[in-house]
Amino acid sequence: MSSQLLDLRQHGQSVWYDDMSRRLLASGELLRMIHRDGLAGVTSNPTILEQAVNRTDAYDEEIALLARRGMSAPEIYARIVTADIAEAADVLHPVHEATAAGDGYVSLEVSPALADDAEATVAEALALWRLLDRDNAMIKVPGTAAGLVAVRRLIAAGVNVNVTLLFSLADYDGAARAYIDGIADRVAAGGDVGRIASVASVFVSRIDTAVDRLLDRIAGSARDPEVRRRAVALSGEAAVANAKLVYRRFSDVFGTPAWHELAARGARPQRPLWASTGTKNPRYSDMKYVETLVGPHTVTTLPPGAMAAFRDHGHARSVIADDVVGARRVIDELARLGVDLDAVLAALKAEGLRAFEDSFEALMLGVDTKRKAALLRGGFQVAGAGLGEALDRRNVQLQMDDYVERLWQKDPSLWSDEPDEQKRIAQRLGWLESPEIMARALPRLTRFAEAVRRDGIRDVVLLGMGGSSLAPEVMRAILGGRADVPALHVLDSTDPGAVLAVEGRTSAAATLFIVASKSGTTVEPNALAAYFRGRLEAAGVEAPARRFVAITDEGTPLHETAVGDGWREVFVNPSDIGGRYSALSFFGLVPAALLGVDVAGVLAWGRGMARLCGPGNAMAQNPGVALGILMGEAARNGRDKLTLIAGPRLAPFGLWVEQLIAESTGKHGTGIVPVANEPLGRPEAYGPDRLFVRLRVHGGDPDEHARDGTVERLRAAGHPIVTIHLDEAAGIGAEFVRWEIATATAGAILAINPFDEPNVQQAKDATRALLARYQAEGRLPAPAPAPTRADLAARFARVGPGAYVALLAYLPFDPLIDARLAQCRAIVRDCLGVATTAGYGPRYLHSTGQLHKGGADSGVFVVLTAAPRCDVAIPGEPYSFATLEMAQALGDIASLEAAGRRVVHLHLADPDHTTVDRACALIESALPDTHR
């Protein structure tokens with residue numbers, strides 16, 4: 001029997017346990033503490049619940065079961081948390097009865113996000129009260145202005161309330177007044193008040209943490225030794241002094257004649273509850289905020305550490321009412337030293353509310369993650385593979401190699417035996433942790449997006465290339481479209497027409513620019529940033545630097561520029577996350593948050609997939625590794641054209657997959673050719689080099705049934721087909737993770753490093769050389785003479801099985817041009833019996849450009865350029881955007897030719913869709929009709 005804790009009760013103080021978990025209940029520890037220590041209550045908060053649910057597996061099976069029953073994350077949260085609170089209340093109910101409803105309470109908090117909404121707080125509190133259906137439950141409500149309005153109404157309705165996040169005397173006064181007014185309202189309505197209970201939770205140790213920091217600063221800068229001595233002497237005094245003054249106010253408030261009238265009706269005083277009693281400063285006694293606050297009609301909440309410490313060596317003595325004069329002297333002396341205690345306490349209250357909001361958001365994200373992991377099981381089917389034996393052998397081999405464990409341990413030897421190469425690989429594996437890193441950054445993303453919207457920003461322009469732009473573009477296309485958020489414009493082109501089009505669609509007065517570059521030296525976004533900075537200055541926008549946001553690695557030139565020039569925000573991405581693996585990092589999620597995407601939902605899907613792909617899951621049920629084995633073995637067996645089939649809703653996802661696979665695997669003469677957005681054809685149009693992956697989303701897509709029929713015919717023809725089902729469009733968050741793990745796995749099977757891009761630099765160097773020539777000579781080399789139909793026919797006649805044709809357009813995006821290129825792709829495929837791809841320059845240089853030069857020599861590249869209709873100068877450069885674009889096109893052609901690739905260059909008179917139509921007609925006229 002613990003005499004120390006029981007002694008607190010002898011002095012009129014109740015002990016409540018500041019912790020809640022399923023373990024506490026299942027182990028019987030709660031019941032033991034009641035009998036051993038005289039424990040009289042339990043409190044919880046979002047931080048406690050987040051740790052209990054997210055950081056243990058105690059709730060996993062129940063969450064999975066409820067998920068399969070179709071329950072949402074909020075519904076699951078309410079079920080699992082209220083079940084624990086209700087069970088704890090039942091365990092404590094004998095205490096409740098023995099103390100005539102004086103003790104035995106268990107607290108559950110309303111969502112902190114409702115802190116400024118009285119109506120919503122009342123509604124949620126009443127819903128929780130009814131759901132718990134326990135007379136010894138307490139609903140925690142933060143002591144904000146709106147919260148206190150809610151407290152009064154809830155007390156009047158007969159709900160027990162724990163008013164939390166109180167720091168100052170004014171906070172306490174508000175809580176006491178709300179309680180008394182609520183009691184008076186209930187009495188006036190003829191209600192019983194005899195079993196209504198409330199506590200006012202006053203936070204303690206956090207006050208000393210904040211005040212001591214200010215006192216240290218004052219002592220450190222004081223020239224007067226006396227000032228320094230006074231500052232040092234006040235360290236660790238503010239919190240207890242503040243609590244003593246609160247207790248005196250409690251005695252005064254509940255000693256008035258008005259209160260005695262209500263007490264005569266059976267009303268109970270609202271007891272002060274001391275919260276945040278764990279000592280945070282190691283210089284202070286671990287019992288500092290327990291032993292100094294003992295007194296009648298109070299509650300102390302003890303976290304596990306403080307509970308164990310008091311049980312071991314605590315001493316109970318009623319001291320809370322002692323030396324109130326000294327307490328006032330401490331507060332006055334702080335003011336004389338320049339410590340604005342009111343401001344400190346207000347900041348602590350805001351900080352505490354923010355911390356609980358963040359914990360609640362993390363809690364809900366964790367529940368949703370586990371829910372979505374359950375939903376992801378079984379969403380992956382393979383049909384007609386013809387690769388069964390190869391897949392089985394590889395599966396066994398990877399299991400014997402402990403592949404999954406080593407992947408999550410970031411073992412670079414999975415991809416290379418060469419020490420220097422392993423060092424480089426080790427610096428590119430941070431993407432495995434990206435979903436968890438971003439889960440912690442979610443509050444920052446949310447607040448940033450809210451601030452941007454409050455500032456009246458109507459358009460956001462993303463300036464980036466490749467991995468810095470493709471994931472945001474995909475999320476914009478698939479998940480964007482809300483009218484109440486800024487429109488996102490992704491500008492990943494140096495075409496002057498594209499630049500002017502974005503400028504024409506936006507207003508300088510209400511536009512924010514994101515410059516995204518891992519290295520901070522990428523030529524395209526830097527040129528575009530310089531241009532738009534000049535446009536803002538020309539438009540007279542005040543503080544134009546504040547209209548820019550940077551996403552980059554630590555210490556890059558972009559990082560230094562953004563900090564030095566005072567840009568609005570700088571998001572520093574972990575440097576060990578490569579560009580094409582950065583979808584679920586700041587590169588993908590900052591733009592997504594701004595355009596109103598449910599980032600928490602996307603992250604929950606991503607984290608759910610990561611859980612399934614982790615070492616705790618059997619390899620046969622690992623969705624990412626399973627897809628990677630299929631991709632790698634299919635490529636080794638000649639099926640290296642991975643062809644995505646998707647309806648309009650998910651088709652944009654192919655842009656991201658295309659870069660990920662092409663740039664990761666296309667090197668050292670091997671690789672997987674991703675085929676995205678190729679029109680679906682008849683089974684006979686496809687050769688034996690295809691692996692089809694079909695993406696489906698719940699609710700279907702236009703023409704879904706027509707695709708079903710075509711896919712079934714492809715399967716019947718013997719083509720391997722993978723089907724991936726998404727429960728909702730936001731499930732692309734899971735697909736980002738699945739495909740990253742799959743690509744890394746395929747790289748291991750193909751014995752390549754999937755995290756470098758050795759051939760990308762070739763085109764950059766060629767472009768740089770051409771721009772130097774332009775500066776020296778004042779012009780670029782003239783395009784080669786246009787090939788004739790006979791020239792093209794001769795080229796196409798040499799295109800054999802296993803090849804692919806890429807249409808590469810250095811043109812501004814135009815839906816008519818895009819549709820015509822897609823039509824041309826279908827005709828090329830049908831006539832030649834080969835796969836086709838398409839890309840816009842210079843975007844594809846940061847995507848499929850690596851595959852073009854480093855992969856197998858199986859591509860035929862048709863490059864379309866055009867004389868610009870207009871041009872735009874680049875500030876600070878001797879060349880324009882049109883010159884830069886043409887230099888990039890000619891540089892890529894030169895790089896392809898240097899690599900021995902087959903290249904056709906068609907230079908058009910202008911970038912009009914009718915001109916492109918004539919070029920496509922020329923290509924089509926030169927095709928054989930063998931496969932038509």
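As shown above, the structure is provided for reference.
Predicted model only: the values in this text are computed from it and were never measured.

Draft legend 1. Region of the structure containing the overall build of the chain. The number of helices and strands found in the chain is 37 helices and 22 strands. By its C-alpha atoms, the chain is 105 × 65 × 55 Å across when sized along the principal axes. In the chain, which comprises 932 residues, the share counted as buried stands at 60%. Residue pairs in contact within the chain that sit at least 24 positions apart in sequence constitute 80% of those at least 6 positions apart. With the model as given, the accessible surface of the chain reaches about 35100 Å², and the carbon-plus-sulfur share is 51%.

Draft legend 2. Broad picture of the sheet that holds strand 5 (residues 161-166). One closed barrel accounts for 8 strands, arranged 1-2-3-4-5-6-7-8; its pairing is parallel. Adjacent strand axes in the sheet meet at a mean angle of 30°, parallel and antiparallel pairs treated alike. Examined bridge by bridge, strand 1 (residues 13-18) and strand 8 (residues 298-302) share 5 bridges and lie parallel to one another. Residue pairing in the sheet places Tyr17 in a bridge with Leu302 of strand 8. Contacts from helix 6 (residues 73-98) reach strand 2 (41-43) and strand 3 (105-109), with the element oriented near 160° to strand 3. The strands touched by helix 15 (residues 304-313) are strand 1 and strand 8; relative to strand 1, the strand with the most contacts, the crossing angle is about 135°.

Draft legend 3. Representation of unusual backbone geometry. Omega for the peptide link from Gly841 to Pro842 comes to 0°, which places this bond in the cis form. In this fold, Pro842 is placed in the loop between strand 20 (835-840) and helix 35 (849-854). Positive phi values are uncommon outside glycine, yet Ala101 reaches one of about 70°. Mapped onto the secondary structure, Ala101 falls in the loop between helix 6 and strand 3. Unusually for a residue other than glycine, His668 sits at a positive phi of about 55°. Of note, His668 is situated in the loop between helix 29 (653-665) and strand 16 (673-675).

Draft legend 4. Highlighting the packing of helix 10 (residues 205-221) against helix 12 (residues 238-253). Two elements in contact, helix 10 and helix 12, have axes whose closest approach is 7 Å; the angle formed by their N-to-C orientations is 130°. If you check the angle between helix 10 and helix 12, you find them oblique. The residues of helix 12 that touch helix 10, namely those facing Ile207, Asp208 and Val211, are Ala238, Ala239 and Asn242. Partitioning the contact of helix 10 with helix 12 into residue classes produces 4 nonpolar, 1 polar and 1 charged.

Draft legend 5. A look at the sheet that holds strand 14 (residues 569-573). Spatially, the 5 strands line up as an open sheet ordered 11-10-12-13-14, and their pairing is parallel. Both edges of this open sheet fall to strand 11 (487-491) and strand 14, since each of them pairs with a single strand only. In this sheet, adjacent strand axes meet at a mean angle of 20° when their direction is disregarded. Two strands pair when backbone bridges link them, and strand 12 (residues 511-516) and strand 13 (residues 548-553) are joined in this way by 4 bridges, in the parallel orientation. Looking across to strand 13, one finds that Val515 is bridged to Ala550. Packed on one face of the sheet, helix 21 (residues 434-454) meets strand 12, strand 13 and strand 14 and runs near 155° to strand 14. Packing of helix 24 (residues 523-538) onto the sheet brings it into contact with strand 10 (459-463), strand 11, strand 12 and strand 13, and relative to strand 12 it is tilted by some 160°.

Draft legend 6. Expanded view of the packing of helix 33 (residues 789-797) against helix 37 (residues 913-925). For the pair helix 33 and helix 37, the least separation of the axes is 8 Å and the interaxial angle reads 55°. Considered as vectors, helix 33 and helix 37 are oriented oblique to each other. Residues Arg789, Leu792 and Phe796 of helix 33 lie in contact with helix 37, whose contacting residues are Leu922, Ile923 and Ser925. Tallied by class, residues from the contact of helix 33 with helix 37 come to 4 nonpolar, 1 polar and 1 charged.

Draft legend 7. Quick look at the pattern of salt bridges. Throughout the structure, instances matching the rule amount to 64 salt bridges. Residue Glu119 is joined to Arg153 by a salt bridge in which the shortest nitrogen-to-oxygen separation is 2.8 Å. With a gap of 34 residues between them, Glu119 in helix 7 (residues 118-132) and Arg153 in helix 8 (residues 145-156) connect regions that are remote in the sequence. Residue classification places Arg153 among the partly exposed positions, given a relative accessible area of 38%. Between Arg535 and Glu503 there is a salt bridge, and its shortest N-O distance comes to 2.9 Å. One end of the pair, Arg535, is in helix 24; the other, Glu503, is in helix 23 (residues 496-505), and 32 residues separate them in sequence. On the accessibility criterion, Glu503 (21% relative accessible area) is partly exposed. Through salt bridges with shared partners, one network takes in Glu29, Arg32, Arg36, Asp37 and Arg311.

Draft legend 8. Spotlight on the side chain of Thr552. Tracing the backbone through its elements, the reader meets Thr552 in strand 13. The buried category is assigned to Thr552, whose relative accessible area is 0%. Excluding residues within four positions of it along the chain, Thr552 makes contact with Ser517, Lys518, Ser519, Gly520, Leu558, His559, Phe571, Val572, Asn573 and Phe587.

Draft legend 9. View of helix 29. Here helix 29 contains 13 residues, and its C-alpha end-to-end distance of 18 Å stays within 8% of the 18 Å for a straight helix at 1.5 Å per residue. For helix 29, the set of buried residues is Phe653, Gly654, Trp656, Val657, Glu658, Gln659, Leu660, Ile661, Ala662, Glu663, Ser664 and Thr665.

Draft legend 10. Seen up close, the packing of aromatic side chains. With the rule as written, the count across this model stands at 26 aromatic pairs. On the basis of an interplanar angle of 85° and a centroid distance of 6.0 Å, the ring pair of Tyr531 and Phe881 is categorised as edge-to-face. One end of the pair, Tyr531, is in helix 24; the other, Phe881, is in helix 36 (residues 881-898), with 350 residues separating them in the sequence. Overall, Phe881 belongs to the buried group, its relative accessible area being 0%. Linked through ring pairs, Phe513, Tyr531, Phe532, Phe548, Trp567 and Phe881 together constitute an aromatic cluster. Sitting above the plane of the Tyr284 ring, Lys288 keeps its charged end 5.1 Å from the centroid.

Calculation notes
- Residues numbered from 1 in each chain as written.
- Predicted model: local features only at pLDDT ≥ 70, side-chain atom pairs only at ≥ 80, totals over all residues.
- Heavy atoms only, no water.
- Helix = DSSP H or I, 4+ residues; strand = E, 2+ residues; numbered from the N terminus.
- Buried < 20%, exposed > 50% of the residue type's maximum accessible area, 1.4 Å probe, protein only.
- Contact = heavy atoms within 4.5 Å.
- Areas by Shrake-Rupley, 256 points an atom, 1.4 Å probe, with all protein chains shown as cover.
- Pairing = 2+ DSSP bridges.
- Axes fitted to C-alpha atoms, helices over the stretch in contact; angles between N-to-C directions.
- Parallel < 35°, antiparallel > 145°, perpendicular 65-115°, else oblique.
- Nonpolar A, V, L, I, M, F, W, Y, C, P; charged D, E, K, R; others polar.
- Salt bridge = Lys/Arg side-chain N within 4 Å of Asp/Glu carboxyl O.
- Expected span 1.5 Å × (residues − 1).
- Phe/Tyr/Trp six-rings, centres within 6.5 Å; stacked < 30°, edge-to-face > 60°.
- Lys NZ or Arg CZ within 6 Å of the ring centre and 35° of its normal.

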